[in-house]
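So you can see what is in the structure, the chains are spelled out below.
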Amino acid sequence: MLPLLRHARYVLSENPVTGLAFGLFALFLIAALFGPVLAPYNPLQSNAAMALKPPSAAHWFGTDQLGRDIFSRVLVATRLDLTIAFASVILAFMLGALSGVAAGYFGGWTDRIVGRLADTIMAFPLFVLAMGIVAALGNEVINIVIATAIINFPLYARVARAEANVRRDAGFVEAARLSGNGEARVLLGHVLPNIMPIMMVQMSLTMGYAILNAAGLSFIGLGVRPPAAEWGIMVAEGANFIQSGEWWIALFPGATLMLAVFCFNLLGDGLRDIIDPRMRT
Amino acid sequence: MLNLLLSRLATAIPSIVGVVIVTFMLTRLLPGDPAAYFAGLAASPQAIAEIRTKLGLDKSLPEQFVGYIGDLLQGNLGNSLSTGQPVVAEIATRLPASAELTLFALIVAVAIAIPLGVLAAVKQGTWIDHLCRIVTTAGVSLPVFFTGLLFAYVFYYLLQWAPAPTGRLDVFMSPPTHITGFYLIDSALTGNLETLWGALRQLALPAISMAIFSLAPLARMTRGSMLAVLGSDFIRTARASGLSPRTVIFTYAFRNAVLPVITTLGMVFSFLLGANVLVETVFAWPGIGLYAVNALITSDYAPVQGFVLTMAILYVALNLAIDFVYGLVDPRVRLDS
């Protein structure tokens, strides 16, 4: 553990941007955990007298068409947005890593079926497929999670397959097999833990895309429904006021969304440098 | 040449089969009763049963699948509930708008990304290299609907350089004579410069928002593959033979480095076709993306399914075209096939 920490410190000192990303990540985490407590106003409380007010000392990010405080809404939305993204990434990891490892380890039919499944998903423009899935499954938040997980599945399955394939005949796998472990045990207890670091990098790399995808879906009216606070839907609400000059309604949630995606993309790159220096570009 | 074309076509067939099966599953296998939905809220069980028979939903799934394939082969994607029109016709009339936007965005993305990537590789470690890294990281992080809105605010509301973000042409202009359906090409062909300029102004903001989002993979790949080629022996030899840096970079290095860039075009198109939906929503662009979004809002499923299928088939066709171009550009691939 200690050499890894030292290596992490080395990478951070080499690349201060990664440090910045970690700082931002901590902020987002705090907002997600304590957002509802920290918010100065009730994010759902409308106040007609205060509608469409630009940013001020009382309302840092201004108020929207119903007089709701945008700062509170952006803060509270963090939890929902990050939960959707985390849940979909974890679901994609579970589906993709398990089937990918099995495909790489067993080869043959398992490999062919998983490969064909991944190819079929990749044959769609991914956002369009996500739209179709949410439209078919029903307009619920859980279906955004499922759709985002499905479009990320091929990435995980392919990486897991390649990594498991390399390790299939490695010494430690042979040893595990010779000590009388069953195939399932070798797979889950020996092969899977060894590819975990690479899967972790994959998770942080796809996290930004998952946030973007979920926000995009709710921007076009799928999944999250008003009056719930969510970044994508808030930008959509603000879009109606851009042409009349009320920029703050869309700007703050949009900029926060952008910052979150930026943070996770940088974090993914940084994590990759720490865990697997060979993949550095 | 014909062999190459045929072998590429053969690789697309499993994709098409997969796409058709998935779209069928999206329409039929999932929870919810389409018959009850089509019949409306107040329908009696009898009316629902009648509609189920009419829609063929009482048949077994394989039978329904055969029926679905039959419909597809006849070009029948069902009717839109809200307009009553066949979905195929509505998509066909809107497709040129989306295609013009997407292709124009692709041209913009390529025009920015490739010079940027080449420069970043040639001047590795300098400010332009850092700029390339910033632009690519920021580009994929920017939600495309947010960039679009920001552009509309800055260039339309504040600076008034751009026209109102509402559609392909100003309301006071009439569209050019229909030849290809692409306003830029049609107005240029008919010599209508005023319309050409008007269409270009409407097109600029949405296309640039899409280009920014999708140029990252292109720029990264150009930089990476240029770096790899510039480090190879034949470049050293070319340099040692006293060729000018320009010849070395453009004739020797770039022509080899461009090959992996062509393969990333597939990913770029995946980004562009997805972003297309969001950008059309922001700029009220009358393409198939906006059509699908409007249908989604009114829970009109046939257009959505038709849209997903059309996009997927377009995407498979685009990938096929990219594969084919790759084969044309790289003689080694041609020999292999």
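Worth saying up front: this structure is predicted, and the values here are computed from it rather than measured.

K.L.:
How should the overall build of chain B be read in this particular structure?
P.N.:
Counting its regular elements, chain B contains 14 helices and zero strands. The secondary structure elements of chain B, listed N-terminal to C-terminal, are α-α-α-α-α-α-α-α-α-α-α-α-α-α. Once the C-alpha set of chain B is aligned to its principal axes, its extents read approximately 85 × 55 × 40 Å. Counting across all 337 residues of chain B, residues that qualify as buried make up 41%. Relative to all contacts within chain B whose residues are 6 or more apart in sequence, the contacts with residues 24 or more apart total 69%.

K.L.:
Explain the overall build of chain A here, please?
P.N.:
A tally of regular secondary structure across chain A gives 10 helices and zero strands. Along chain A, from the amino end to the carboxyl end, the secondary structure elements read α-α-α-α-α-α-α-α-α-α. The principal-axis extents of the C-alpha atoms in chain A amount to approximately 75 × 45 × 30 Å. Counting only residues that meet the buried cut, chain A has 51% of its 281 residues in that class.

K.L.:
Is there a simple way to think about the environment of D58(B) in this case?
P.N.:
For D58(B), the position within the fold is in the loop between helix 3 (45–55) and helix 4 (61–73). When neighbours within four sequence positions are excluded, D58(B) is seen to be in contact with R52(B) and T53(B).

K.L.:
Just checking my understanding: could you explain the interface of chain A and chain B for this structure?
P.N.:
Size of an interface, as often reported, equals the accessible area lost when the parts are brought together. Between chain A and chain B, the residue contacts involve 39 residues of the former and 38 residues of the latter. For the side of chain A that touches chain B, the element with the highest residue contribution is helix 5 (residues 126–137) of chain A, accounting for 10 residues. Looking at the side of chain A that touches chain B residue by residue, the classes come out as 27 nonpolar, 11 polar and one charged.

K.L.:
Mind showing me how you'd approach the environment of F153(A) here?
P.N.:
Residue and element names in this part refer to chain A. Mapped onto the secondary structure, F153 falls in helix 6 (residues 141–167). Judged by the 24 C-beta atoms lying within 10 Å of it, F153 falls in the buried class. Along the sequence, F153 and S99 sit 54 residues apart, while their C-alpha atoms lie 9.6 Å from each other. Once you skip the residues sitting within four places of it in the chain, F153 turns out to touch A92, L95, G96, A118 and I121.

K.L.:
Hey, could you run me through helix 8 (residues 183–219) of chain A in this one?
P.N.:
Here helix 8 of chain A spans only 45 Å end to end across 37 residues, well under the 54 Å set by a 1.5 Å rise per residue. At M196(A), helix 8 of chain A is deflected by roughly 50°, the largest bend along its length, and proline P197(A) occurs up to four residues later in sequence.

K.L.:
Before we go on, may I ask you to explain the packing of helix 5 (residues 87–122) of chain B against helix 6 (residues 127–141) of chain B in this structure?
P.N.:
For any two helices packed against each other, the geometry is given by the interaxial angle and the distance between the axes. All names here are of chain B. Interaxial distance between helix 5 and helix 6 falls to 8 Å at its minimum, and their mutual angle equals 135°. The orientation of helix 5 with respect to helix 6, classified from their angle, is oblique. In this structure, helix 5 meets helix 6 at a crossing whose hand is left-handed. Along the contact surface, helix 5 presents L116, G117, L119 and A120, while helix 6 presents I128, D129, C132 and V135. When its residues are assigned to classes, the contact of helix 5 with helix 6 shows six nonpolar, one polar and one charged.

K.L.:
Which parts of the structure should I look at to understand the packing of helix 2 (residues 16–38) of chain A against helix 10 (residues 248–275) of chain A?
P.N.:
Residue and element names in this part refer to chain A. Put simply, helix 2 and helix 10 touch, their axes get as near as 8 Å, and they point 130° apart. As far as their axial angle goes, helix 10 and helix 2 are oblique. At the point where helix 2 passes helix 10, the crossing takes the left-handed sense. Contacts between helix 2 and helix 10 involve V17, T18, A21, F22, L24, F25 and F28 on the former and, on the latter, L259, A260, C263, L266, L267 and G270. Taken together, the residues that form the contact of helix 2 with helix 10 break down as 11 nonpolar, two polar and no charged.

K.L.:
Help me out: how do you make sense of unusual backbone geometry in this one?
P.N.:
Peptide bonds are mostly trans, and most non-glycine residues show a negative phi. Residues and elements named next belong to chain B. The backbone of Q160 sits at a positive phi, close to 55°, despite the residue not being glycine. The residue Q160 is located in the loop between helix 7 (144–158) and helix 8 (183–189) in this model. Of note, A284 is a non-glycine position whose phi angle comes to about 50°, a positive value. Tracing the backbone through its elements, the reader meets A284 in the loop between helix 11 (245–282) and helix 12 (288–297).

K.L.:
Just to check I follow, could you spell out helix 11 of chain B for this structure?
P.N.:
Each α-helix winds once per 3.6 residues, and so residues spaced three or four apart point in a common direction. All names here are of chain B. For helix 11, with 38 residues, the first-to-last C-alpha span of 45 Å runs short of the 56 Å given by 1.5 Å per residue. At F254, helix 11 is bent by approximately 50°, the largest bend along its length. Where helix 11 terminates, the next one or two residues include A284, which has phi positive at roughly 50°.

K.L.:
Can you help me understand the confidence of the model for chain A in this one?
P.N.:
Parts of the model with low pLDDT should not have their predicted coordinates read in detail. Chain-level statistics for chain A give a pLDDT mean of 83 and a share of 95% at 70 or above. Averaged over each element, pLDDT in chain A is lowest for helix 1 (residues 2–14) of chain A (71) and highest for helix 6 of chain A (90).

K.L.:
How should I be thinking about the confidence of the model for chain B in this particular structure?
P.N.:
Overall, the prediction assigns chain B a mean pLDDT of 83, with 93% of residues at 70 or greater. At the level of chain-chain contacts, confidence expressed as ipTM amounts to 0.86, with global pTM at 0.86.

K.L.:
Looking at this structure, how should I read the environment of I114(B)?
P.N.:
Residue and element names in this part refer to chain B. Take I114: it is sitting in helix 5. Classification of I114 by C-beta neighbours within 10 Å gives buried; the count is 21. In this structure the C-alpha to C-alpha distance between I114 and R220, which are 106 residues apart in sequence, comes to 9.1 Å. The residues touching I114, leaving out its near neighbours within four places in the chain, are L218 and T222.

Reading the values: rules and limits
Residues numbered from 1 in each chain as written. Chains lettered and ligands numbered in written order. Predicted model: local features only at pLDDT ≥ 70, side-chain atom pairs only at ≥ 80, totals over all residues. Helix = DSSP H or I, 4+ residues; strand = E, 2+ residues; numbered from the N terminus. Buried ≥ 20, exposed ≤ 12 C-beta atoms within 10 Å, placed from the backbone. Contact = placed C-beta atoms within 7 Å. Nonpolar A, V, L, I, M, F, W, Y, C, P; charged D, E, K, R; others polar. Expected span 1.5 Å × (residues − 1). Bend = angle between axes of the 7 residues up to and from the residue. Axes fitted to C-alpha atoms, helices over the stretch in contact; angles between N-to-C directions. Parallel < 35°, antiparallel > 145°, perpendicular 65-115°, else oblique. Left-handed = near helix turned anticlockwise from the far one by under 90°. pLDDT = per-residue confidence, 0-100.

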